[in-house]
Amino acid sequence: MGLFINKKADEKYLSIWMFLIWAIIGVSIVLGVLMFYSVQADVRQIEAQLLTDRLSACIISGFNYEEIAKSNFDIYTTCSIYKNVFDKENLYYFNIDISEEGNESILKTISGGNNWKTECDYQFIKKEDKFPQCAKQDSTAFDSKTNKKYTVSVIAASNQK
Amino acid sequence: MKSKKSQNLITGVIMFLILNVVFFSIMFIFVGSVGKTEGFIEKEYSRKISLMIDKSLPGTEVSIDISELYSYARNNNYAGNIVTMDYVNNKVIVKLKDGEGSSFYYFSKLNSGAVSIDEKKMALIIKTWACS
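Keep in mind that what you see is a predicted model, and the values were worked out from it rather than measured.

Rules of the game
Residues numbered from 1 in each chain as written. Chains lettered and ligands numbered in written order. Predicted model: local features only at pLDDT ≥ 70, side-chain atom pairs only at ≥ 80, totals over all residues. Contact = placed C-beta atoms within 7 Å. Helix = DSSP H or I, 4+ residues; strand = E, 2+ residues; numbered from the N terminus. Nonpolar A, V, L, I, M, F, W, Y, C, P; charged D, E, K, R; others polar. Core = buried A, V, L, I, M, F, W, Y, C linked by C-beta atoms within 7 Å. Buried ≥ 20, exposed ≤ 12 C-beta atoms within 10 Å, placed from the backbone. Domains from an automatic or database assignment. Pairing = 2+ DSSP bridges. Axes fitted to C-alpha atoms, helices over the stretch in contact; angles between N-to-C directions.

As a further point, take the interface of chain B and chain A. Across the boundary between the two partners, chain B contributes 28 residues, which contact 26 residues of chain A. Those elements giving two or more residues to the side of chain B that touches chain A turn out to be helix H1 (2–34), helix H2 (38–55) and strand S4 (102–105) of chain B. With 12 residues, H1 of chain B is the largest single contributor of residues to the side of chain B that touches chain A. Among the residues making up the side of chain B that touches chain A, the classes are represented as 17 nonpolar, six polar and five charged.

In structure tokens form, the structure reads like this:
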């Protein structure tokens, strides 16, 4: 007991404050490490980028506007992506916007939840961890049948934690 | 009297140093081991495999070394499936011990049997091709 009850300040090696400091250091280290690993496990940004790449590449290769504009055009089958994880699980989102160069949008395909587009627009201005992570890609596609250039804009997001 | 006081001081200093060493050792061990727990490894590999599936272009074959998973499963005496593919729900499930394990979704369409395990090489083989 004598160890903890020292009367002179220069002898206080083991005081209650010392233990409090250790506790604070310990809790900070534990929290810091757990936060570091949880950030490492967050791959939403990579997934969003992969989905954007997949959709852009798939639409641009052999671009045929007439084919894409058909009502029975199925983006999921064409790009080999699984519809259920978009509709049922609501983990991913994508928005494809096709416009004739310099003109307004002529075709839009949206899949996933309702608020994602707004949250993505916000994300592009200010990064927010609680929102789904988004990626965007604008590319130019050339339709060899009509000899026209189109701008293909793809936004994709992931919210899988 | 003076000698007892100085003895107390020395004991205090020694105790202080020992406790410091113990405390910081515990912290070092914690920091070093927390990333190597089964939970984190399961999480890491389920994500890694899902991302590899989504990144693979149609027609590619990818091999992932999963020998680390085997050694963890062996240490836990776990003899079940380490990596399970749920082709119906598009999920990769990694388990290193009895329990739920860690699952992660992928968005690519895969034919059943696209992912297999080469037990000799302790590798996971992903074969992707465009589905029609």
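Turning our attention to the nonpolar core. Within the largest apolar cluster, 46 residues are counted, with the highest numbers of intra-cluster contacts made by Leu51, Leu55, Tyr92, Phe94, Ala156 and Ala157 of chain A. If you tally residues by element for this core, the top one is strand S4 (residues 148–158) of chain A, at six residues. Not counting residues up to four positions away in its chain, the partners in contact with Tyr92 of chain A are Leu51, Val85, Phe86, Gly112, Ala156, Ala157 and Ser158 of chain A together with Phe107 of chain B.

Each assigned domain of chain B is listed here: domain 1 (1–34) and domain 2 (38–127). Here domain 1 of chain B and domain 2 of chain B have C-alpha centroids that lie 45 Å from each other.

The next subject is the sheet that holds strand S6 (residues 123–127) of chain B. Residue and element names in this part refer to chain B. Strand order in the open sheet formed by three strands is S1-S6-S5, and the pairing between neighbours is antiparallel. Both outer strands of the open sheet, strand S1 (61–65) and strand S5 (115–118), are each paired with one neighbouring strand and no more. With strand direction ignored, the average angle separating the axes of adjacent strands in the sheet is 25°. Two strands pair when backbone bridges link them, and S1 and S6 are joined in this way by five bridges, in the antiparallel orientation. By the bridge assignment, Asp65 is partnered in S6 with Ala123. Of the strands in this sheet, S1 and S6 touch H2, which is tilted by about 165° from S1.

Attention now goes to the sheet that holds strand S3 (residues 91–94) of chain B. All names here are of chain B. Overall, antiparallel pairing links the three strands, which are arranged S2-S3-S4 in an open sheet. The two strands at the open ends of the sheet, each matched to only one other strand, are strand S2 (83–86) and S4. Ignoring which end each strand starts from, the neighbouring axes of this sheet average 20° apart. Here S3 pairs with S4 via four bridges, running antiparallel.

Residue and element names in this part refer to chain B. Here S6 shows a clear split, with Leu124 and Ile126 buried on one side and none of Ala123, Ile125 and Lys127 buried on the other. The pairing of S5 with S6 spans four bridges and is antiparallel. Directly across from Asp118, in S6, lies its bridge partner Ala123.

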